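# Survey of secondary and tertiary structure
Here are the chains, one letter per residue:
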Amino acid sequence: MSQTATMAGSAPDTSVGVEPRGPRPKPFFTPTKIIIYSVLVFFTLYFLFPLYVMVVTSFKTMPEIRFGNIFAFPNQINFDAWIKAWTSACTGLTCEGLSPGFWNSVKITIPSTIVSIFIAAVNGYALINWRFKGSELFFAILIFGSFIPYQVFLYPLVMITREMGIFGTLQAVIIVHTIFGMPILTLLFRNYFGSLPQELFKAARVDGAGFWRIFFEIMLPMSLPIFVVALILQVTGIWNDFLFGVVFAGTKNLPMTVQLNNIVNSAQGTPEYNVNMAATVLTGLVPLIIYFVSGKLFVRGVAAGAVKG
């Protein structure tokens, strides 16, 4: 019968006694993964817990804060603290809320970020692709300046901006942030451009492309990750700055962080913790949104910018 079946064209049964080959699939929940994910979840909750307390407190009324549990949800969502923090909280001699400081921070952050990133990108591109005599010394001095504490430069910068006639204005804060942002950004762009294939630059030079054409048509289209890194570093650094804002902006141009300090540290009346928490969350919204939107590109850019030193 077996010979007849074979001659008729039916395949012999080879499944008996044959085991599948290859490694066995590993279970998803292994002891190592359980430990790793437990640690990650713990630290995530640890860092998010203060944000949770701030948000929950900002939606409570003052009697509920005084006599309730700080960790409990509010009995009823109340936006009065948010409205007061934005429109009528006292930030010193005036009671206009954080809205003027928000727009001052926007006016400071946008030009400072754009100018410092552009100059740093050109510096990094020139230092890695158009090396000149003394370029390494220039780069070393530039990086050395970034490690000197800001407080050392405060008085000379105050004198310089006063002689320029811009002390106490937004222009002074913009210039200061642009200057102090360039060294570290130059380092990032130099390392990133150094990680790109040099054959592209050489081929463009053979075709007759010049400095600016190579920069705008070849380097910039391939540099989105490092631009995102520079954008996040500058926006968060400038937006969260307190020192330069309180020294150079003047009383009429205070950024949001200085006004937040004035609200929280106000000595008039009883501290309104819900207003303070709402003002704190409002001040930190811009950096948080940028981090959440561009987090993956930030990691890619940092990794690419750390390839060469």
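Residues numbered from 1 in each chain as written. Predicted model: local features only at pLDDT ≥ 70, side-chain atom pairs only at ≥ 80, totals over all residues. Heavy atoms only, no water.

### Observations concerning the overall build of the chain
Within the chain one finds 15 helices and zero strands. Taken across its 309 residues, the chain has 36% of its residues classed as buried. Restricting to contacts in the chain with at least 6 residues of sequence separation, those with at least 24 account for 73%. Accessible area for the chain stands at about 19,200 Å²; split by element, carbon and sulfur atoms hold 69% of it. (Helix = DSSP H or I, 4+ residues; strand = E, 2+ residues; numbered from the N terminus. Buried < 20%, exposed > 50% of the residue type's maximum accessible area, 1.4 Å probe, protein only. Contact = heavy atoms within 4.5 Å. Areas by Shrake-Rupley, 256 points an atom, 1.4 Å probe, with all protein chains shown as cover.)

### Re the state of the cysteines
For the structure shown, the criterion picks out one disulfide. Across the disulfide, Cys-90 is cross-linked to Cys-95 (sulfur-sulfur distance 2.0 Å). A torsion of 85° about the S-S bond marks the disulfide between Cys-90 and Cys-95 as right-handed. Residue classification places Cys-90 among the partly exposed residues on the basis of a relative accessible area of 30%. (Disulfide = S-S within 2.5 Å.)

### Quick look at the side chain of Thr-178
Relative to the helices and strands, Thr-178 is located in helix H8 (residues 170-195). There is a polar contact of 2.7 Å between the side chain of Thr-178 and the backbone oxygen of Ile-174. Among residues more than four places away in sequence, those in contact with Thr-178 are Ser-112, Val-115 and Ser-116. (Polar contact = N/O pair within 3.5 Å; in protein donor to acceptor, adjacent residues only side chain to side chain.)

### Considerations on the pattern of salt bridges
One pass over the full model with this rule turns up four salt bridges. Here Arg-190 makes a salt bridge to Glu-136, at a shortest N to O gap of 3.6 Å. Of this pair, Arg-190 sits in helix H8 while Glu-136 sits in helix H6 (residues 135-146), and the two are 54 residues apart along the sequence. Classification of Glu-136 as partly exposed rests on a relative accessible area of 40%. Between Arg-162 and Glu-163 there is a salt bridge, with the nearest N and O atoms lying 3.3 Å from each other. Taking relative accessible area as the criterion, Arg-162 reaches 47% and is therefore assigned partly exposed. The exposure class of Glu-163 is exposed, given its relative accessible area of 61%. (Salt bridge = Lys/Arg side-chain N within 4 Å of Asp/Glu carboxyl O.)

### Digging into the nonpolar core
By size, the foremost hydrophobic cluster in this structure holds 21 residues, and its most contacted members are Tyr-125, Phe-189, Phe-193, Ile-214 and Met-219. When contributions to this core are tallied by element, the ones reaching two or more residues are helix H5 (99-129), H8, helix H9 (198-206), helix H10 (211-219) and helix H11 (224-239). No other element matches the six residues that H5 contributes to this core. Beyond its immediate stretch of four places on either side in the chain, Met-219 contacts Tyr-125, Asn-129, Phe-193, Leu-196, Phe-201 and Ile-214. The next biggest cluster of nonpolar side chains, apart from the first, holds 16 residues, and it includes Trp-82, Ala-89, Trp-239 and Ile-263. (Core = buried A, V, L, I, M, F, W, Y, C linked by side-chain atoms within 4.5 Å.)

### Some details on the environment of Gly-101
Along the chain, Gly-101 turns up in helix H5. Under the relative-accessibility criterion, Gly-101 is labelled buried at 0%. Separated by 15 residues in the primary sequence, Gly-101 and Trp-86 place their C-alpha atoms 9.7 Å from one another. With near-sequence residues (within four places) excluded, Gly-101 lies in contact with Leu-254, Pro-255, Met-256 and Gln-259.

### A word on the environment of Thr-113
Among the secondary structure elements, Thr-113 is positioned in helix H5. Among the residues examined, Thr-113 registers a relative accessible area of 5% and is labelled buried. Each C-alpha atom of the pair Thr-113 and Gly-181 lies 8.3 Å from the other, and the pair is 68 residues apart in sequence. Polar side-chain contacts of Thr-113 include one of 2.7 Å to the backbone oxygen of Thr-109.

### Focus on a nonpolar patch on the surface
Together, Ile-110, Ile-114, Val-115, Phe-118, Ile-119, Trp-212 and Phe-216 make up a nonpolar patch on the protein surface, roughly 640 Å² of accessible area in all. Elements represented by at least two residues in the nonpolar patch include exactly H5 and H10. Ranked by residue count, the leading element in the nonpolar patch is H5, at five residues. Note on placement: Val-115 falls in helix H5. A relative accessible area of 37% means that Val-115 is categorised as partly exposed. (Patch = residues over 30% accessible without salt bridge, like charges linked within 9 Å, V, L, I, M, F, W, Y side chains within 5 Å.)

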